[in-house]
Amino acid sequence: CLGYHIIITNHTCLYKMFIVGSGILRRAQNRMYVGKRWTQSNGRVSRRRAEVGDRRTGVLAVKAGMMASWDEHGNRHALTVLHVDGCRVVQVKEADKHGYTGLQVGVCPRKGKHVNRPMMGHFAKWSPSNQVDYPYMLLRRLEEFRISPKAVLPVGHPLNANHFVPGQFVDIQGVTRGKGFQGVMKRHGFAGQPASHGNSKAHRVPGSIGQCATPSKVFKGKKLPGRMGGKRRTIQNLLVHRIDNIRNLIFVRGAIPGARGTIVRVTDSIGKYLKPQMRYVQEKESGKIHFPTTPLDIQKELPPILHYENEPKPAAVF
């Protein structure tokens, strides 16, 4: 609208006034929405990011694999085994200094020769004794969890598998398996072209992808061949089936993204937390889920294995 400097006729003048007025209105609308978070819910704060009260930290765990378990009713459950390998707090993020409250958590101890100098200084700075404590403070992966100010834990505090309890729901986030460059049939589930007589080397091709002179382009988001997998995905509302305090293992029902050996984020399920009738809130209010984490003195009194006992019995067993 700033390019129209020469006014030739009255129509040009009116057109210029309309363009300038539209630009001013658009800029005013943009100033009204400064700082507003745009989500898929048309401007409302998404359910996943909503403030749900006291929010404690999560843990980092290593995916050990999958196994099967049968309950007393003969039902088979597919379980994913997660190993909490030396998870502990590395750094505390303060609201006054960093703008938010959070905890930097690390997992998987490693040797000093596998850590570079910048990370060595970071671990040494946030070590409780101001010295690198081998092998516990040299960790393989660091992640941050945003928490409420009441859920702050001291640096060096361990986070074990009993941070969660059997029966509660958790959200697990990880990176999916990388499949490489794949075609439309494997990547998007296309049916492919007819395989009958007359098809000439076009059995797995996508087919027509665009239009003619109008609009003379391929729209963004068109399902085409490309790189498949290797993306961060979250599986919500997985039930904690069992906790092994001796080997520091978490057994959850269902599958999670990633191959064996990958590191995943395990947090309390926010979706179940928002529903008061769900079991998670009942267990949190009854004190079964400790806030901000299970105290060390209570961890020593826990049995070696914690099972999920409050499973509803089926109406009939065949």
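Residues numbered from 1 in each chain as written. Predicted model: local features only at pLDDT ≥ 70, side-chain atom pairs only at ≥ 80, totals over all residues. Heavy atoms only, no water.

1. Side note on the environment of Leu239
The condition is simple: Each helix is a run of H or I in the DSSP string that is no shorter than four residues. Each strand is a run of E no shorter than two, and both are numbered from the N terminus.
In this structure, Leu239 sits in strand E9 (residues 232–244). Between the C-alpha atoms of Leu239 and Val165, which are 74 residues apart in sequence, the distance is 9.8 Å.

2. Some remarks on the packing of aromatic side chains
The description of an aromatic ring pair uses the distance of the two centres, along with the angle that the planes make with each other. Put simply, the test is: Working definition: rings of Phe, Tyr and Trp (its six-membered ring) pair if their centres are within 6.5 Å, and the pair is stacked with planes under 30 degrees apart, edge-to-face with planes over 60 apart, and tilted otherwise. The criterion for a charge sitting over a ring is simple: Lys NZ or Arg CZ within 6 Å of the ring centre, and within 35 degrees of the ring normal.
For the structure on display, the rule yields zero aromatic pairs. The ring of Tyr100 has Arg146 lying over it, and the distance from NZ or CZ to the ring centre is 4.2 Å. Looking at Arg265, its charged tip hangs above the ring of Phe145, at a distance of 4.2 Å from the centre.

3. Quick notes on the pairing of strand E2 (residues 76–83)
Taken residue by residue, a regular strand's side chains alternate between the two faces of the sheet. The line we're drawing: Any two strands with at least two DSSP bridges between them are considered paired.
Bridge analysis of strand E1 (residues 59–70) against E2 gives eight bridges, and the strand direction is antiparallel. By the bridge assignment for E2, Val62 is matched with His83. Counted along the chain from E1 to the antiparallel partner E2, the turn is five residues long, and its residue Gly74 has a positive phi close to 85°.

4. Digging into the confidence of the model for the chain
Detailed reading of the predicted coordinates is not advisable wherever pLDDT falls low. To be explicit about the condition: pLDDT is a per-residue confidence score from the predictor, ranging from 0 to 100. A contact between two residues is defined here by any heavy atoms of the two lying within 4.5 Å.
Per-residue confidence for the chain averages 80 on the pLDDT scale, and 73% of its residues sit at or above 70. Residue range residues 1–12 is modelled with pLDDT below 50. Its contacts to residues more than four positions away, or to other chains, number six contacts. Note that residues 312–318 has pLDDT below 50 and, in this model, five contacts with residues that lie over four places away or in other chains.

5. Section: helix H3 (residues 117–125)
Inclusion rule: Only protein chains enter the accessibility calculation, which uses a 1.4 Å probe; a residue whose area is less than 20% of its type maximum is buried, one above 50% is exposed, and one in between is partly exposed. N or O atoms within 3.5 Å of each other form a polar contact, as long as, within protein, one can give a hydrogen and the other can take it, and as long as residues adjacent in sequence are counted only when both atoms are side-chain atoms.
Burial in H3 covers these residues: His122, Phe123 and Ala124. Where H3 is buried, its residues contact strand E3 (88–93), strand E4 (102–109) and strand E5 (139–146). Two or three places before Met119, at the start of H3, stands the capping residue Asn116, its side-chain oxygen 3.1 Å from that residue's backbone nitrogen.

6. Details of the sheet that holds E4
The cut-off we apply is this: Helix axes use the C-alpha atoms of the stretch in contact, all axes being lines fitted to C-alpha atoms, and the angles between their N-to-C directions lie in the range 0 to 180 degrees.
Taken in spatial order, the three strands of this open sheet run E3-E4-E5, and their pairing is antiparallel. If you trace the sheet from one side to the other, it starts and ends with E3 and E5, each paired once. On average, adjacent strands in this sheet sit at an angle of 25° to one another, irrespective of strand direction. Where E4 and E5 come together, seven bridges link them in antiparallel fashion. Looking across to E5, one finds that Val105 is bridged to Glu143. The sheet contacts of H3 involve E3, E4 and E5, and relative to E5 the element is tilted by about 60°.

7. Concerning the environment of Gly229
Assignment of secondary structure puts Gly229 in the loop between strand E8 (226–228) and E9. A relative accessible area of 24% means that Gly229 is categorised as partly exposed. Once the C-alpha coordinates of Gly229 and Val175 are considered, the two residues, 54 residues apart in sequence, prove to be 8.2 Å apart. Look past the residues within four positions of Gly229 in its chain and what remains in contact with it is Thr176, Arg177, Gly178 and Lys179.

8. A look at the nonpolar core
Stated precisely, the cut-off is as follows: Only buried residues count toward a nonpolar core, which is a set of Ala, Val, Leu, Ile, Met, Phe, Trp, Tyr and Cys residues joined through side-chain atoms within 4.5 Å.
Judged by nonpolar contacts, the single largest core of 32 residues is most densely connected at Leu82, Cys87, Val170, Ile172, Ile250 and Val266. Counting residues per element, the ones that place at least two in this core are E1, E3, E4, strand E6 (169–175), E9, strand E10 (249–253) and strand E11 (263–268). Sequence-distant contacts of Ile172, defined by excluding residues within four places in its chain, comprise Leu82, Arg233, Thr234, Ile235, Leu238, Val252, Ile256, Val264, Arg265 and Val266.

9. Topic: the pattern of salt bridges
The following threshold applies: Salt bridge, as applied in this entry: a Lys or Arg side-chain nitrogen positioned within 4 Å of an Asp or Glu carboxyl oxygen.
Going through the model one piece at a time under the given rule, you end up with five salt bridges. Between Lys93 and Glu144 there is a salt bridge; the shortest N-O distance is 3.5 Å. Here the residue Lys93 occupies a position in strand E3, and Glu144 occupies one in strand E5, the gap between them amounting to 51 residues. Exposure remark for Glu144: the relative accessible area of 31% places this residue in the partly exposed category. The partner of Arg265 in a salt bridge is Glu143, and the shortest N-O contact between them spans 3.2 Å. Remark: Glu143 occurs in strand E5 and Arg265 occurs in strand E11; sequence separation between them is 122 residues. For the residue pair Arg265 and Glu143, the accessibility class agrees, reading buried in each case.

10. Considerations on a positive patch on the surface
Filter applied, for reference: Without a salt bridge and with relative accessible area above 30%, a residue can belong to a patch; like charges are then joined within 9 Å and nonpolar side chains (Val, Leu, Ile, Met, Phe, Trp, Tyr) within 5 Å. In short, Shrake-Rupley with a 1.4 Å probe defines the accessible areas, and a residue's cover is counted only from the protein chains shown. Charged residues are defined here as Lys and Arg on the positive side and Asp and Glu on the negative side; His and the ends of the chain fall outside this count. To locate a charge, take atom NZ for lysine, CZ for arginine, CG for aspartate or CD for glutamate.
Taken together, the side chains of Arg177, Lys179, Lys186 and Arg260 define a basic patch exposed on the protein surface. Among the structural elements, Arg260 can be located in the loop between E10 and E11. We classify Arg260 as exposed; its relative accessible area is 68%.

11. Some words on the side chain of Gln104
Residue position: Gln104 is located in strand E4. On the basis of relative accessible area, Gln104 is assigned to the buried category, the value being 10%. Excluding its chain neighbours within four sequence positions, the residues that come into contact with Gln104 are Arg88, Val89, Val90, Gln91, His122, Leu142, Glu143 and Glu144.

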